[in-house]
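So the chains spell out like this:
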There are 2 protein chains.
Amino acid sequence: MAGKKVLIVYAHQEPQSFNGSLKKVAVEILSKQGCTVTVSDLYAMGFEPRATRNDITGALSHPEVFSYGVEVYEAYKKRSLTSDIVDEQKKVQEADLVIFQFPLYWFSVPAILKGWMDRVLCQGFAFDLPGFYDAGFLKGKLALLSLTTGGPAEMYTRTGVSGDFKYFLWPLQHGTLHFCGFKVLAPQISFAPETASEDERKKMLASWTQRLESIWKEVPIPCTAPWYFGQ
Amino acid sequence: MAGKKVLIVYAHQEPQSFNGSLKKVAVEILSKQGCTVTVSDLYAMGFEPRATRNDITGALSHPEVFSYGVEVYEAYKKRSLTSDIVDEQKKVQEADLVIFQFPLYWFSVPAILKGWMDRVLCQGFAFDLPGFYDAGFLKGKLALLSLTTGGPAEMYTRTGVSGDFKYFLWPLQHGTLHFCGFKVLAPQISFAPETASEDERKKMLASWTQRLESIWKEVPIPCTAPWYFGQ
């Protein structure tokens, strides 16, 4: 939709991968709609995943015992966070929609993307205490997880060996995105592209393309335990 | 228990933190029992969390399109993984029990520890396809998550804002540890030590100490969806 801003946080090492294709398609379709699309290509940026004292420029508030959360909260307020965090926070602040494009690593995001979440979504910027879930500071923004799996869809069903895929989405969609106030769109899951046929891969890409055409009309999913766990 | 080997994978920046105290107590109690205790202090080691081409020494099998999973599997078989991964795999291979000591970051492990899981527990070493869950290659070993939270226990109940703490354990205990064949002991959760009183912190440390005294007699938890989700 013309005028909308989209941030794609992309975590794959190889541009020619299926993740790379999904990212490319999203950039193309959304740009054609007149959206401004920004990509944070984490591996290409050599993005730092480790949460350390280096994230605070200048003196610490409590140098005797280092608490990452306390120091980063203070540094956010004093504008003394390191520049790679500040750059990403600006991109998030400007975005109407944040798409996370990644391969599933151990039922979650790859460490480089976990580090983006750990460091960028800090207290003061993304939430406060109180000031989370529906009162999270990123309210009014949309987020969407677009991920690929190693295993086939049958593994990720309620009775499959890995359980319903919704189960592993809970820490990401509820515990992280919803906590920060995002409205979460349904996940886009491309199952097992590495073992799929060329035809199946084309179908998965086409399905993502088609979905992006009307993405701005979508209604967010309910980020509640019953939706995840069917209780 | 005399003769047992324990690996503690520890992810906190500050030795004087509550996580540091929990780690210290575990080293003391288990050493007193006659166990050999090894600590991987990830921040102190500057452990690399990013899964990249650098993890494979020498030539790639498919240099034209880089697939991390494929290349690391090949490199494991050819003994050409980078030394920091090999060192950690040796520690895991020797351990009877692996304890993960960390503060909860976004309903999960900090990125530095996620990177340890992504890189160390690779195909060929920790599992194969097939060769996972009860057939995972680390079967016969025990694993235990000892974590601290920011929020109080009330937040992590079935009707609390963050849902039952079991929900966020699923990707770690089932999707990662059980997938690799580990038997998983009940998690040790120390709620909100940063806002607790000195007396409450002492009680949490004492509870961990007491538990460690009889840790070898514990029965693993059932790593199944009903245990997590009560279905």
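Here the residue numbers are simple positions, counted from 1 along each chain's written sequence. Throughout, the order in which chains and ligands are written sets their labels, letters from A for the former and numbers from 1 for the latter. Only residues with pLDDT of 70 or above have their local features reported here, since the model is predicted, and side-chain atom pairs are shown and tallied only from 80 upward, although totals for entire chains, interfaces and linings are computed over all residues. To get the side-chain values, all heavy atoms of the structure are used, and hydrogens and water are removed first.

If you look chain A up in an unreviewed UniProt entry, it shows as Ribosyldihydronicotinamide dehydrogenase [quinone] from Pipistrellus kuhlii. In its Subunit (unreviewed entry) section, the UniProt record describing chain A reads: "Homodimer." UniProt positions are given in the numbering used here, feature names are shortened, and annotations may be inferred rather than shown by experiment. UniProt annotates chain A under Sequence similarities (unreviewed entry) with the comment "Belongs to the NAD(P)H dehydrogenase (quinone) family."

Caption draft 1: The arrangement of the relation of the copies chain B and chain A in detail. When the copies are overlaid, the least-squares fit takes in C-alpha atoms only where the residue has pLDDT of at least 70 in both copies. Expressed as a screw transformation, the operator carrying chain B onto chain A has a rotation angle of 180° and an axial translation of 0.0 Å, and the superposed copies differ by an RMSD of 0.0 Å. Considering both components of the superposition, the chain copies are consistent with a two-fold axis. Across chain B, the rotation axis passes nearest the C-alpha of Ala111(B), at a separation of 2.5 Å. Two residues form a contact once any of their heavy atoms are found within 4.5 Å. A share of 100% of the interface residues of chain B reappears at the interface of chain A, consistent with the copies meeting face to face through the same patch.

Caption draft 2: Structural detail: the packing of aromatic side chains. When two rings of Phe, Tyr or Trp (its six-membered ring) have centres within 6.5 Å they constitute a pair, described as stacked for plane angles under 30 degrees, edge-to-face for angles over 60, and tilted for the intermediate range. This model, assessed by the stated rule, comprises 45 aromatic pairs over all chains. Here the aromatic rings of Phe229(A) and Tyr167(B) are separated by 4.1 Å at their centres, their planes lie at 40°, and the arrangement is tilted. Of this pair, Phe229(A) sits in helix α8 (residues 225-229) while Tyr167(B) sits in helix α6 (residues 165-178), on two different chains. As far as the burial class goes, Phe229(A) and Tyr167(B) line up, both buried. Through successive ring pairs, a cluster of aromatic residues spans Tyr167(A), Trp170(A), Trp227(A), Tyr228(A), Phe229(A), Tyr167(B), Trp170(B), Trp227(B), Tyr228(B) and Phe229(B). Lying across the ring of Tyr10(A), Lys23(A) places its NZ or CZ 4.8 Å from the centre. Starting at the N terminus, helices and strands are each numbered in turn, a helix being any DSSP run of H or I of at least four residues and a strand any DSSP run of E of at least two. Any residue under 20% of the maximum accessible area for its type is buried, any over 50% is exposed, and the rest in between are partly exposed; the area is computed with a 1.4 Å probe on protein chains only. Note on geometry: a ring has a charge over it if NZ (lysine) or CZ (arginine) is within 6 Å of the ring centre and within 35 degrees of the ring normal.

Caption draft 3: Seen up close, the interface of chain B and chain A. Across the boundary between the two partners, chain B contributes 52 residues, which contact 52 residues of chain A. Surface buried jointly by chain B and chain A totals about 4100 Å² across both partners, of which 62% is contributed by carbon and sulfur atoms. Here, a salt bridge means any Lys or Arg side-chain nitrogen found within 4 Å of an Asp or Glu carboxyl oxygen. Where chain B packs against chain A, one counts 0 salt bridges. Within 3.5 Å is the distance limit for a polar contact, defined as a pair of N or O atoms, with the added protein rule that one can donate a hydrogen and the other accept it, and that residues adjacent in sequence qualify only through two side-chain atoms. Connecting chain B to chain A are 24 residue pairs in polar contact (both at pLDDT 80 or more). Elements represented by at least two residues in the side of chain B that touches chain A include exactly α3 (68-77), α5 (111-120), α6 and α8 (225-229) of chain B. Among the residues making up the side of chain B that touches chain A, the classes are represented as 30 nonpolar, 14 polar and 8 charged. The term buried area refers to how much accessible surface (probe radius 1.4 Å) is lost by two components on association, counted for both of them together. Polar here means any residue other than Ala, Val, Leu, Ile, Met, Phe, Trp, Tyr, Cys and Pro, which are nonpolar, and Asp, Glu, Lys and Arg, which are charged; Gly is therefore polar.

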